[in-house]
Amino acid sequence: MVFDFNSDLAQEYGIYKNEKAYDIAKYMSSVNISAGFHAGDPLSIKRALEFAKEHNLTIGAHIGYPDISGFGYRNMEMEKEEIEAMVIYQLAAISAFASTLNAEIEHVRCHGAMYERLNSDPEFAKTVAGAVRKFNPWLNLIVGNPETKTMIENEVDINCAYEVLFNETMSIRQLREMEVQPDTVHFSTPENALRAWDVMKPSPVNYNRVKEQI
């Protein structure tokens, strides 16, 4: 059993930098690049894309609410049309920037309050997934709930990658023994990333792996 390892990049803005993110990313097979709404500016996005290409990492768009000052952790009530436009706008930004490096995005991961709502509100999840599908039906949407994955794949017809958040108490063995095994594992500290990487080298999620692990 092989897992994808993913982490977030460009989680910075202006003079506020996040070098630790690159200490994590060197152990990943996929990275999620902040699209400018909750974090990320043109230079940090460019740097993250160049790092991903140099290290042959799968590129994803990391999307969030338009909430720079709250780092995307505050929930926002938005109309369906607003949510759809917000998602497509951010996907377009990362996708267009990636194209200047002859690269493409392959997945989407929500951030903060948007991530929490995606995994707890079916109607919100379907709206986000529908927007992703409109932009590119081949993208994988990362979700943190197996029920959300099943619902979106059945009702929206877009592939989802089930994610587990790796913490200090977890091990690769525990991941392999889970009843519902993840497609991808998210890391937020260099220590946990190195500990997992020492046991298993990751492999990116691709279009064929999200429904049946290899």
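You'll find the structure just up there.
To keep things clear, this report deals only with the structure shown in the data block. (Residues numbered from 1 in each chain as written. Predicted model: local features only at pLDDT ≥ 70, side-chain atom pairs only at ≥ 80, totals over all residues. Heavy atoms only, no water.)

1. Topic: the nonpolar core
Counting residues in each nonpolar core, the largest one holds 48 residues, and the members touching the most others are Leu9, Ile33, Ile63, Val87, Met114, Val128 and Ile152. Excluding its chain neighbours within four sequence positions, the residues that come into contact with methionine 114 are Ile63, Gly64, Tyr65, Gly72, Met86, Val87, Phe124 and Val128. Counting 16 residues, the second largest nonpolar core, distinct from the first, contains Ile24, Tyr27, Ile172 and Val185. (Core = buried A, V, L, I, M, F, W, Y, C linked by side-chain atoms within 4.5 Å. Buried < 20%, exposed > 50% of the residue type's maximum accessible area, 1.4 Å probe, protein only. Contact = heavy atoms within 4.5 Å.)

2. Brief notes about helix H8 (residues 190-199)
The α-helix winds at 3.6 residues per turn, so residues separated by three or four positions along the chain end up facing the same way. Taken together, the buried positions of H8 are Pro190, Asn192, Ala193 and Ala196. For H8, the buried positions fall inside an angular range of 160 degrees around the axis, keeping them on one side. The exposed set on the far side of H8, more than 90 degrees from its buried face, consists of Glu191, Asp198 and Val199. In this structure, the buried residues of H8 make contact with strand S1 (4-9), helix H1 (20-25) and helix H7 (172-177). (Helix = DSSP H or I, 4+ residues; strand = E, 2+ residues; numbered from the N terminus. Arc of directions from axis to C-beta.)

3. What to know about the packing of helix H2 (residues 42-54) against helix H3 (residues 80-99)
Between H2 and H3, the shortest axis-to-axis distance is 10 Å and the interhelical angle comes to 55 degrees. Between H2 and H3, the angle is such that the two are oblique. Remark: the crossing between H2 and H3 carries right-handed chirality. Contact residues: Pro42, Ile45, Lys46 and Leu49 in H2; Ile94, Phe97 and Ala98 in H3. (Axes fitted to C-alpha atoms, helices over the stretch in contact; angles between N-to-C directions. Parallel < 35°, antiparallel > 145°, perpendicular 65-115°, else oblique. Left-handed = near helix turned anticlockwise from the far one by under 90°.)

4. Thoughts on the packing of helix H5 (residues 122-135) against helix H6 (residues 146-155)
Two elements in contact, H5 and H6, have axes separated by 10 Å at closest approach and are oriented at 50 degrees. Considered as vectors, H5 and H6 are oriented oblique to each other. Along this stretch, H5 crosses H6, giving a crossing that reads as right-handed. Counted together, Pro122, Ala125, Lys126 and Ala129 of H5 and Thr148, Met151, Ile152 and Glu155 of H6 form the full contact between these two elements. When grouped by side-chain class, the residues that make up the contact of H5 with H6 number five nonpolar, one polar and two charged. (Nonpolar A, V, L, I, M, F, W, Y, C, P; charged D, E, K, R; others polar.)

Nothing here speaks to function; it is geometry throughout.
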